[in-house]
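Observations on the three-dimensional arrangement
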Amino acid sequence: MWRATWHPEEQKFYGTVYNTHPTTPGPKEEAEWSLKLYSSLDGKVWQLAAPWSIEGRPNEATVRLLPGGEMMALVRREAGDRKGWIGKAAAPFKEWTWQPLAVPLGGPNFLVLPDGRIIAGSRGFGATPGAHMVLFEIKDGQYVPLLELPSSGDCSYPGMVFHEDHLFVSYYSSHEENKSKIFFAKVKLK
């Protein structure tokens, strides 16, 4: 299980699971991986909600509910062009439509703000060379960079909370002394 999100109207969790050897017992990773959406009433017992047909070794994925009741997913891919994908589905979240982003993702996470804006965080490639922890807005399925947080190299996996007009972001990065450290940012969004 990568990450779970709560659906208050249905009183259940949704989360994604990826498998690096979906047709064999392993241990060697297969050429393609599987990514599936699961649901749970208690967070302990999970049932398949929808298999996803995504090529390019899909793996880390975050799902969230949008204000109109749709579900949205942001997916990392490890093969092919490696660019992230965005998907949307109406309840009961069985039929998904997918579109590629213009950039690769790493450890993607996102929030839907009270005003409806979608703010995401991921390892990305912004204004400066190399990988960085990047915050971006998703508008009409497009990636719009907002801010590069202090970071480089092995970095990302943001935890995000929006409170009192500020986005609080925890993430890790190896930009100081080539050692992985956890960082915390408080960002005022306009």
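Heads up: these notes are all about the structure in this document. (Residues numbered from 1 in each chain as written. Predicted model: local features only at pLDDT ≥ 70, side-chain atom pairs only at ≥ 80, totals over all residues. Heavy atoms only, no water.)

Details of the overall build of the protein
Quick note on the threshold: For helices the rule is a DSSP run of H or I covering at least 4 residues; for strands it is a run of E covering at least 2, with both sets numbered from the N terminus onward. Based on C-alpha atoms, the radius of gyration is set beside the globule rule, defined as 2.2 Å times the residue count to the power 0.38. For every residue, the accessible area (1.4 Å probe, protein chains only) is compared with the maximum for its type, and the residue is labelled buried under 20%, exposed over 50%, or partly exposed between those bounds. We call two residues contacting when some pair of their heavy atoms lies within 4.5 Å. Here, Shrake-Rupley sampling with a 1.4 Å probe gives the accessible areas, and only protein chains in the shown set may cover a residue.
When helices and strands are counted, the protein shows zero helices and 15 strands. Taking 16 Å as the expected radius of gyration for a compact globule of 190 residues, we find that the protein reaches 17 Å, a close match to that expectation. Per-residue burial over the protein gives 44% buried out of 190 residues. The long-range fraction of contacts in the protein, counting pairs at least 24 apart against all pairs at least 6 apart in sequence, stands at 37%. Total accessible area computed for the protein in this model is approximately 9,900 Å², and 54% of it derives from carbon and sulfur atoms.

Focus on the pattern of salt bridges
Under the convention used in this document: Only one rule defines a salt bridge in this text: a Lys or Arg side-chain nitrogen within 4 Å of an Asp or Glu carboxyl oxygen.
Taken as a whole and assessed by the stated rule, the structure comprises nine salt bridges. Between Glu78 and Arg76 there is a salt bridge, with the nearest N and O atoms lying 2.4 Å from each other. We note a salt bridge from Arg77 to Asp81, for which the minimum N-O separation is 2.7 Å. Judged by its relative accessible area of 46%, Asp81 is partly exposed.

Section: the pairing of strand β6 (residues 71-77)
Test applied: A pair of strands is labelled paired if DSSP reports no fewer than 2 bridges between them.
Most of β6 is tucked away: seven of the seven residues are buried. By the alternation rule, side chains of β6 split into Met71, Ala73, Val75 and Arg77 and Met72, Leu74 and Arg76, which are all buried. Where strand β5 (residues 58-65) and β6 come together, six bridges link them in antiparallel fashion. Of the residues in β6, the one forming a bridge with Thr62 is Leu74. Connecting β5 to the next strand, β6, in antiparallel fashion are five residues, including Gly69 with a positive phi near 100 degrees. Pairing of β6 with strand β7 (residues 83-89), which is carried by five bridges, proceeds in the antiparallel orientation. Counterpart to Ala73 in the pairing with β7 is Gly87. Taking the residues that link successive antiparallel strands as the turn, the β6-β7 hairpin has five residues, and the phi of Gly80 there is positive, at about 65 degrees.

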